[in-house]
Amino acid sequence: MIETSLCTLSLSGYRSYNNDLEHNKIEFNDINIIIGANGAGKSNLISFLEMISFMMTRGLRAYVARQGGTQPLFHFGTEQTDKICGELLIHDAGQTKEDTYSFALERSAADQLFFVQERMSFQDERHFQPYTRDFGVGHLESGLADATESTPRTLRTYLERLRVFHFNDTTINARIRSNASMSDGTYLRSDGGNIAAFLYNMRKNSDFAKYYERILRNIRMVLPQFYDFVLEPNPNGYLPLNWRQTGREEIFGPHQFSDGALRFVALTTLLLQPATTAPMTIILDEPEIGLHPYAISILAKEIRIASKTSQIIVSTQSPLLLNEFSCEDVITAEYDSINQCSILKRHKEADLRKWLDEYTLGELWEKNVLGGLPL
């Protein structure tokens, strides 16, 4: 069971999303497959969640700098948009409670974002009145990031872990192909840079042995020549992602994985890891890039397995991946050329039942029944 999950997200004034906070409200399920054309707003929705994760580690200024300043973050710049706003409703099934976090950001004369509003509330079935906390105005980094009380700290921990996992950089100097420190294997990093140490820790823990073996089995389904990882620390305590082929003695290095193979290894490790180490929310932006159609089918099965313990948010342009899910899992991002903004829509099976008798979801997308195609 998923203990903590994002129920609803509202955003406004951010990139392709206009200034109507209520209009840009979307509900989230256990599995959320976001489809849409290039420029429709899929990646902007993902990057908004990523910005919130940065905020929780006092990284908002760093995030702004990496995006090229504040102007690209506002809907048509600050001449048209004066605030970026967000509101998240988070449900904790284990404690039967709901948390709400909301904020509004404006641009300063020094081209930084500052908070003009930031607050949280907490409500559970034991209390009639919700706990509320207002973090004030004028600060450049999140007040929630500095809160020391247990309730705000719990909410911050969840928001901090809204990490977007990017395994697309598989160039020769990418971190995912580099050695990892043995001490850096507690959880899988968002760029996969410590995957060797993470797998090493999983293999040596007897409680996790079945998860490690499951990862190996799934990799072999896509890479039949793969046998096992060779995870041996060097004298300095660093591990390369070495591996062996079936029936061969040679040891291969991470640079001998193809780009698609390495991405699949990282995705499989992320999605099939033990529930005790898995993120509460797993966010992936176009994970199908570079994968063979059969690998995409296996990836979909891994997503469904992971969704039993983690909430899944995936943006995709693959009809093949879409075919593996139900219409209740699908969110369409479309760009409204008249109002010049992105629109999000969640689908219901009842509305598409007649179509689904004859067509797959991928075919309905290609026919523009689901929307999300360039016009």
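Definitions and cut-offs
- Residues numbered from 1 in each chain as written.
- Predicted model: local features only at pLDDT ≥ 70, side-chain atom pairs only at ≥ 80, totals over all residues.
- Heavy atoms only, no water.
- Helix = DSSP H or I, 4+ residues; strand = E, 2+ residues; numbered from the N terminus.
- Rg over C-alpha atoms; globule rule 2.2 N^0.38 Å.
- Buried < 20%, exposed > 50% of the residue type's maximum accessible area, 1.4 Å probe, protein only.
- Contact = heavy atoms within 4.5 Å.
- Areas by Shrake-Rupley, 256 points an atom, 1.4 Å probe, with all protein chains shown as cover.
- Lys, Arg positive; Asp, Glu negative; His and termini not counted.
- Charge placed at Lys NZ, Arg CZ, Asp CG, Glu CD.
- Core = buried A, V, L, I, M, F, W, Y, C linked by side-chain atoms within 4.5 Å.
- Pairing = 2+ DSSP bridges.
- Axes fitted to C-alpha atoms, helices over the stretch in contact; angles between N-to-C directions.
- Disulfide = S-S within 2.5 Å.
- Salt bridge = Lys/Arg side-chain N within 4 Å of Asp/Glu carboxyl O.
- Polar contact = N/O pair within 3.5 Å; in protein donor to acceptor, adjacent residues only side chain to side chain.

Enquirer: Can you walk me through the overall build of the chain in this structure?
Expert: Within the chain one finds ten helices and 17 strands. For the chain, the C-alpha radius of gyration of 22 Å lies close to 21 Å, the compact-globule estimate for 375 residues. C-alpha atoms of the chain, sized along the principal axes, occupy 65 × 55 × 45 Å. Burial statistics for the chain: of 375 residues in total, 52% are counted as buried. Considering only residue pairs separated by 6 or more positions, the chain has 60% of its internal contacts joining residues 24 or more positions apart. Counting every atom, the chain has about 17,100 Å² of accessible surface; 47% of that belongs to carbon and sulfur. Measuring between centres, the 37 positive side-chain charges of the chain sit 4 Å from its 47 negative side-chain charges.

Enquirer: Which parts of the structure should I look at to understand unusual backbone geometry?
Expert: At arginine 15, a position not held by glycine, the phi torsion is positive, near 50°. Within the fold, arginine 15 resides in the loop between strand E1 (4-12) and strand E2 (25-27). Judged by its relative accessible area of 18%, arginine 15 falls in the buried class.

Enquirer: Honestly, the nonpolar core in this entry has me stumped. Any pointers?
Expert: General note: in soluble globular proteins, nonpolar side chains tend to be found buried as a group. Counting residues in each nonpolar core, the largest one holds 61 residues, and the members touching the most others are Phe229, Leu231, Leu241 and Phe257. Broken down by element, the residue count for this core peaks at eight residues, all from helix H6 (residues 259-271). Non-local contacts of phenylalanine 229, meaning those with residues more than four positions away in its chain, are made with Leu199, Arg203, Tyr212, Leu216, Ile219, Leu241, Asn242, Trp243, Phe257 and Val265. One finds Phe48, Leu105, Leu113 and Phe115 within the second-largest nonpolar core, a separate group that totals 45 residues.

Enquirer: It is not clear to me how the environment of leucine 9 should be interpreted in this structure. Could you clarify?
Expert: Looking at the element boundaries, leucine 9 is found in strand E1. Along the primary structure leucine 9 and leucine 322 are separated by 313 residues, whereas in three dimensions their C-alpha atoms are 22 Å apart. Leave out the neighbours within four places in its chain, and leucine 9 touches Asn24, Lys25, Ile26, Phe28, Leu45, Phe48, Leu49, Glu87 and Leu88.

Enquirer: Can you help me understand the environment of isoleucine 26 in this one?
Expert: Note that isoleucine 26 resides in strand E2. Taking the relative accessible area as the measure of exposure, isoleucine 26 reaches 4% and is therefore buried. When the C-alpha atoms of isoleucine 26 and serine 178 are compared, they prove to be 38 Å apart, with 152 residues separating the residues in sequence. If we ignore the near neighbours within four places in the chain, the residues touching isoleucine 26 are Cys7, Thr8, Leu9, Ile331, Leu344, Lys345 and Arg346.

Enquirer: Please clarify how the sheet that holds E2 should be interpreted in this entry.
Expert: Within a sheet, adjacent strands bond to each other through the backbone by hydrogen bonds, running parallel or antiparallel. The strand order E2-E1-E4-E5-E6-E7 describes an open sheet built from six strands, whose pairing is antiparallel. For this open sheet the edge positions go to E2 and strand E7 (131-134), each flanked by a neighbour on one side alone. Shown here is a sheet whose adjacent strand axes are inclined to one another by a mean of 15°, direction ignored. Here E1 runs beside E2; their pairing, made up of three bridges, is antiparallel. Counted as the bridge partner of leucine 9 is isoleucine 26 from E2. Across the sheet, helix H1 (residues 42-55) lies against E1, strand E4 (84-92), strand E5 (97-107) and strand E6 (113-124), angled at about 110° from E1, the strand it touches most.

Enquirer: Explain the state of the cysteines here, please?
Expert: In a disulfide, the sulfur atoms of two cysteines are held together by a covalent bond. For the structure on display, the rule yields zero disulfides. A disulfide-free cysteine, cysteine 341 has its sulfur positioned 15 Å from the sulfur of cysteine 85, the nearest such atom. Using a relative accessible area of 1% as the deciding quantity, one classes cysteine 341 as buried.

Enquirer: Explain the sheet that holds strand E10 (residues 226-230) to me, please; I cannot follow it from the model alone.
Expert: What the three strands build is an open sheet, ordered E10-E12-E13; its pairing is antiparallel. What marks the edges here is a single partner per strand, and that holds for E10 and strand E13 (251-252). In this structure, E10 lies alongside strand E12 (residues 242-245), joined through four bridges in antiparallel fashion. Following the sheet pairing, phenylalanine 229 is matched in E12 by tryptophan 243.

Enquirer: What exactly am I supposed to notice about the side chain of aspartate 228 here?
Expert: With respect to the secondary-structure elements, aspartate 228 resides in strand E10. Summary of buried charges: aspartate 228 has no salt-bridge partner, and the nearest side chain of opposite charge, arginine 203, is 4.9 Å away. Looking at aspartate 228, its side chain comes within polar contact range of the side chain of tyrosine 212, at 2.8 Å. Setting aside residues up to four positions removed in sequence, aspartate 228 forms contacts with Tyr212, Leu216, Trp243 and Arg244.

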